[in-house]
Amino acid sequence: MRWLYLLKLLRRIGALRQITSHPLRLLLRAAWGSDRHTLRLAPGVERACLISPPNLYGFLLLREAGLRPAGQQPDASDQLLWELAPGR
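Residues numbered from 1 in each chain as written. Predicted model: local features only at pLDDT ≥ 70, side-chain atom pairs only at ≥ 80, totals over all residues. Heavy atoms only, no water.

**Q** When you look at the pattern of salt bridges in this model, what are you seeing that I'm missing?
**A** A full pass over the atoms with the stated rule returns three salt bridges. When the shortest N-O distance is used, the salt bridge between Asp35 and Arg2 registers 2.6 Å. You can see Asp35 sitting in the loop between helix H3 (23-31) and strand E1 (36-42) and its partner Arg2 sitting in helix H1 (residues 2-11), a full 33 residues away along the chain. Given a relative accessible area of 26%, Arg2 falls into the partly exposed group. In this structure, Glu64 engages Arg12 in a salt bridge whose closest nitrogen and oxygen atoms are separated by 2.6 Å. On the criterion of sequence distance, the pair formed by Glu64 in helix H4 (residues 53-64) and Arg12 in the loop between H1 and helix H2 (13-16) is long-range, its members being 52 residues apart. For Glu64, a relative accessible area of 38% corresponds to the partly exposed category. (Salt bridge = Lys/Arg side-chain N within 4 Å of Asp/Glu carboxyl O. Helix = DSSP H or I, 4+ residues; strand = E, 2+ residues; numbered from the N terminus. Buried < 20%, exposed > 50% of the residue type's maximum accessible area, 1.4 Å probe, protein only.)

Structural data, given as structure tokens:
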């Protein structure tokens, strides 16, 4: 299952550049089994997250759909909050 999502992420390498400064490094680390990655939540805001390839692919799809992570994030590295309705 992991390899399937790595291939899906590889096909979206252009979009992956929007959420990480080193997309190939992220893919190599994920291929070797690491789930800890640094993601760009907003311009100038990066955060180390514990995220599996299926969830990373979902994160990428949500970002492509125009959703953004909320400004305030929980302290846990395996949780992200999304802002579904901007300004509410």
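**Q** Sorry, what's going on with the pairing of E1 here?
**A** Look at any regular strand and the pattern is simple: side chains alternate between the two faces of the sheet. As judged from the six bridges shared by E1 and strand E2 (residues 45-50), these two strands associate in the antiparallel manner. Directly across from His37, in E2, lies its bridge partner Cys49. In this antiparallel pair of consecutive strands, E1 and E2, the connection spans two residues, and Gly44 shows a positive phi of 85 degrees. (Pairing = 2+ DSSP bridges.)

**Q** Is there a simple way to think about the nonpolar core in this case?
**A** What tends to happen in soluble globular proteins is that the nonpolar side chains get buried as a cluster. Ranked by internal contacts, the top residues of the largest apolar core, which has 18 residues, are Leu9, Leu16, Ile19, Leu27, Leu39 and Leu56. Per-element accounting of this core gives the leading share, four residues, to H4. Aside from chain neighbours lying at most four places away, what touches Leu9 is Leu16, Leu27, Pro53, Leu56, Tyr57 and Leu60. (Core = buried A, V, L, I, M, F, W, Y, C linked by side-chain atoms within 4.5 Å. Contact = heavy atoms within 4.5 Å.)

**Q** Looking at this structure, I do not really get H1. What am I missing?
**A** Three or four residues apart is the spacing at which side chains of an α-helix point the same way, because the helix has 3.6 residues per turn. For H1, the complete set of buried residues consists of Tyr5, Leu6 and Leu9. Viewed along the axis of H1, the buried residues span an arc of 105 degrees, placing them on a single side of the element. Opposite the buried face of H1, by more than 90 degrees, sit the exposed residues Trp3, Leu7 and Arg11. Each element contacted by the buried residues of H1 is listed here: H2, H3 and H4. (Arc of directions from axis to C-beta.)

The values reported here are purely geometric and, on their own, carry no functional implication.
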